[in-house]
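Survey of secondary and tertiary structure
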Amino acid sequence: MEPVIVDEGGVTVVEGQPDQAFLTSARDVDRVIEACFGSSAGCVLLYASNLPVAFFDLSSRVAGDILQKLRNYRIRLAVVCPPGSVSHSSRFGEMVTEENRGEHFGMFETRAEAVEWIHAFA
């Protein structure tokens, strides 16, 4: 699956398609970065289903590797993850609580909330 480039009220966003696998490992984040540079997008909107299961377990280091690489390129990541859609480690939940206060990574229950966050830091 390839990402879609969308315009969200004047903000260019690289978006994954709901219910489709996109990143199978941390190595796949390069495709996201290429799509961002190719479209001048500074933000990515993904769904929980676009991410590998290991992303939601901090001990796997997948989330850390993906987030660090995106930060290196100043690309923000918004993830739509409705309650109960994936199980995650307690440490992952703590990390999300901390990260949601910043502008680099956020997890949201709905796409509308994610888009609102994208606009807040555009």
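In the nomenclature of an unreviewed UniProt entry, the protein chain corresponds to DUF4180 domain-containing protein from the organism Polyangium sorediatum.

Per the UniProt entry, the sites bearing "domain: DUF4180" (unreviewed entry) are residues 10-118 in this numbering. Here residues 10-118 is 37% helix and 17% strand, with 11 Å between the C-alpha atoms at its ends.

Before going further, it helps to spend a moment on the state of the cysteines. Tallied over the entire structure, the rule returns 0 disulfides. No disulfide involves Cys36; its nearest neighbouring cysteine sulfur is the one of Cys43, lying 7.8 Å away. Cys36 gets classed as buried once you look at its relative accessible area, which sits at 1%.

In this section: the pattern of salt bridges. Oppositely charged side chains are able to pair whenever their charged atoms sit close together. Scanning the entire structure with this criterion turns up 6 salt bridges. Close ionic contact of Glu8 with Arg111 constitutes a salt bridge, the shortest N to O distance being 2.5 Å. Within this pair, whereas Glu8 is found in strand S1 (residues 4-8), its partner Arg111 is found in helix H4 (residues 111-120), the two being separated by 103 residues in sequence. What makes Arg111 partly exposed here is its relative accessible area of 29%. A salt bridge links Glu15 to Arg111; its shortest N-O distance comes to 2.9 Å. Residue Glu15 is found in strand S2 (residues 11-15), and its partner Arg111 is found in helix H4; the two are separated by 96 residues along the sequence. Given a relative accessible area of 7%, Glu15 falls into the buried group.

Per the stated rule, a full pass over the model turns up 7 aromatic pairs. Centroid distance Phe55 to Phe92: 5.7 Å. Interplanar angle 70°. Geometry classified as edge-to-face. Residue Phe55 is located in the loop between strand S3 (43-47) and helix H2 (62-72), and its partner Phe92 is located in helix H3 (residues 90-99); the two are separated by 37 residues in the primary sequence. Under the relative-accessibility criterion, Phe55 is labelled buried at 0%. By way of ring pairs, the aromatic residues Phe55, Phe56, Phe92 and Phe105 are connected into one cluster. Positioned over the ring face of Trp117 is Arg76, at 5.4 Å from the centre of the ring.

Rules used throughout
Residues numbered from 1 in each chain as written. Predicted model: local features only at pLDDT ≥ 70, side-chain atom pairs only at ≥ 80, totals over all residues. Heavy atoms only, no water. UniProt positions renumbered as here; feature names shortened; annotations may be inferred. Helix = DSSP H or I, 4+ residues; strand = E, 2+ residues; numbered from the N terminus. Disulfide = S-S within 2.5 Å. Buried < 20%, exposed > 50% of the residue type's maximum accessible area, 1.4 Å probe, protein only. Salt bridge = Lys/Arg side-chain N within 4 Å of Asp/Glu carboxyl O. Phe/Tyr/Trp six-rings, centres within 6.5 Å; stacked < 30°, edge-to-face > 60°. Lys NZ or Arg CZ within 6 Å of the ring centre and 35° of its normal.

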